[in-house]
Amino acid sequence: MQTKTCNSKRFFLRRACPMSSFFANQQHFLRPFLYLGDASVMHLFDVFYRFCIFVPLVLCITVACSFICDAQLVKMLVALSVICCSFILLFLKFLNLLDSPSTPRLHHSGSFFVKRVISKCPSLNQIYQPPKVWGMCGHIQTAIYGKLGRWNCPRPNGVRQEIKFPSGETATFDIFEPLNVNGSKECCTILCCPGICNSSEKKYVRTFVQFCIFRGYRVAVLNHIGSLPNVKLTSPRIFTYGDTKYFTAMVNFVMKAFPNSQFVVVGFSMGGNIACRYLAEDPSRQLPIKCAVSLCQGYDAVRSTTPLTKGYRRIYNYMVAANFKKVLKPHWKELFQEQPNDFNSNENKPTFAVGSEFDEEKVKRATTMQEIEDGLLRHFDGHSSALDYIQDSGCAHLIKNISLPILLLNAEDDPLIVKDVHDVPHHYSCKQDKALFVTTKHGGHLGFYKGKWYRPDDTTLLEDVVLEYIEAVLQES
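What comes next concerns the included structure.

Cut-off values and rules
- Residues numbered from 1 in each chain as written.
- Predicted model: local features only at pLDDT ≥ 70, side-chain atom pairs only at ≥ 80, totals over all residues.
- Heavy atoms only, no water.
- Salt bridge = Lys/Arg side-chain N within 4 Å of Asp/Glu carboxyl O.
- Axes fitted to C-alpha atoms, helices over the stretch in contact; angles between N-to-C directions.
- Helix = DSSP H or I, 4+ residues; strand = E, 2+ residues; numbered from the N terminus.
- Parallel < 35°, antiparallel > 145°, perpendicular 65-115°, else oblique.
- Left-handed = near helix turned anticlockwise from the far one by under 90°.
- Contact = heavy atoms within 4.5 Å.
- Nonpolar A, V, L, I, M, F, W, Y, C, P; charged D, E, K, R; others polar.
- Core = buried A, V, L, I, M, F, W, Y, C linked by side-chain atoms within 4.5 Å.
- Buried < 20%, exposed > 50% of the residue type's maximum accessible area, 1.4 Å probe, protein only.

**Considerations on the pattern of salt bridges**
Then comes step 1: Here the structure, examined in full by the defined rule, presents 18 salt bridges.
Then comes step 2: Where salt bridges share partners, they join Arg116, Lys120 and Glu476 into one cluster.

See below:
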């Protein structure tokens, strides 16, 4: 059946695009395009192929003419042809248009439990197809996620809760009730920890929440302290990479409010690191949790952030730092300037000298996250340097303590989290009977868009994989 389908599409390719008949037998070249069935799309590729053949032909003719005459026009044509050829090669390389989609790569111990779970997750057994025009480029996936979020993003309604800490800060989180509940059985509650500078108001979080509550799940989402511009700080402190105190408070509150519920932990990027640290710091925390999911986290904080200081990745470092400073802006007075008297009262006295150790000028001039970490973040828990703070923030040295079912998902073309750190989840998943580490060839950082041509679907691979995995584990347990 598969051979017959390929032959029929190759025949259609010849009929729709005469020039592409030259390439019809080059399956390794046309593999990404063989499944295209729209005539207009095929026409575009025919034009593209004609252009690819025409430019080298012009280059050869102009080079030949240059030996005959030394005219200025010939030299200009040569230069133009070289530029066009270089542009085509760079275009193909950057967008990975000649690449082919593939099924996710699965790393696990081979246990019966994991194999059963995988068999019930269709997205892990099917080819992940990103949008054909730009979806095979991790940079574009990451950029669209960062700037636009999700297509047709919903706005679910939640109830905001607050928890006041003795040290003065106030943590907030939102609880979203399920829209569809089958029968009278208590629904499962997903405890969600978003990525850096994020909250329940981010588009990718809202899309995930809507997808979950429509399937009958309750969702509790932590709002990282300082991530909400309209919620003022009650203490000169914001979130940090590895601090689990606020996530723990949310989990304890939700578990007490819904004692009959089952619980699942889901973390995005930095939130995945916090979720893993929460589970690993105290193994007793894993007892009421059915399973956990970590998406696009860096595991080893030092090894995952060091590449951001080199080469083109410094651009990402600058963009993350700029976004972090944008989050700090509404809270600048509470963090750096003289604090009101209630910050220094006996009831809400901070555990550190208010603003005395912060380097306001360094943070104000910062163009990298390392400068923000050194000027502000490392001081919250008394770290002597930014490196000391980073080394203590990751979960690589703790992840071995997690024994419950857990899914770890990363993309190989993630420009923020390099593949070098994938050895941590790979070694862990091969030793832990209930762990599953999944890597996709494409997806970027929290992108994972799906689509047929250029417009992505409303939901992404993340929502599909997470819900399929959770449902599979709940069925097996």
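Having seen the structure, we can now continue with the description.
**Details of the packing of helix α8 (residues 203-214) against helix α18 (residues 461-476)**
Then comes step 1: Running from N to C, α8 and α18 cross one another at 40°; their axes reach a closest spacing of 10 Å. The pairing of α8 with α18 is recorded here as oblique in orientation. As for how α8 packs across α18, the hand of that crossing is right-handed. Residues Tyr204, Thr207, Phe208, Phe211 and Cys212 of α8 form the contact with α18, whose own contacting residues are Glu463, Asp464, Val466 and Leu467.
Then comes step 2: Residues that form the contact of α8 with α18 fall into these classes: six nonpolar, one polar and two charged.

**Things to note about the nonpolar core**
Then comes step 1: Core analysis: the biggest nonpolar cluster contains 69 residues, and Leu191, Phe247, Leu376 and Leu377 have the highest contact counts within it.
Then comes step 2: Every residue in contact with Phe247, bar those within four places of it in the chain, is listed here: Leu191, Cys192, Cys193, Leu222, Val265, Ile274, Ala275 and Tyr278.
Then comes step 3: The next biggest cluster of nonpolar side chains, apart from the first, holds 51 residues, and it includes Tyr217, Cys296, Leu407 and Ile470.

**A word on the environment of Phe239**
Then comes step 1: Within the secondary structure layout, Phe239 lies in the loop between β5 (218-223) and α9 (245-257).
Then comes step 2: For Phe239, a relative accessible area of 3% puts it in the buried group.
Then comes step 3: Counting along the chain gives twelve residues from Phe239 to Ser227, while the straight-line C-alpha distance between them is 8.4 Å.
Then comes step 4: For Phe239, the contacting residues outside a window of four places in its chain are Ile196, Cys197, His224, Ile225, Met270, Phe324 and Leu377.

**What to know about unusual backbone geometry**
Then comes step 1: One non-glycine residue, Cys197, adopts positive backbone phi at about 65°.
Then comes step 2: With respect to the helices and strands, the residue Cys197 is situated in the loop between β4 (188-193) and α8.
Then comes step 3: At Tyr299, a residue that is not glycine, the phi angle is positive and equals roughly 60°.
Then comes step 4: Checked against the element boundaries, Tyr299 lands in the loop between β7 (289-295) and α11 (301-305).

**Considerations on the packing of helix α5 (residues 112-119) against α18**
Then comes step 1: At their nearest, the axes of α5 and α18 sit 9 Å apart, and the two run at 130° to each other. Regarding the angle of α5 to α18, the classification is oblique. Along this stretch, α5 crosses α18, giving a crossing that reads as right-handed. Facing α5, whose interface residues are Phe113, Arg116 and Val117, α18 presents Tyr469, Ala472, Val473 and Glu476.
Then comes step 2: Broken down by class, the residue content of the contact of α5 with α18 amounts to five nonpolar, no polar and two charged.

On their own, these measurements won't tell you what the molecule is for.
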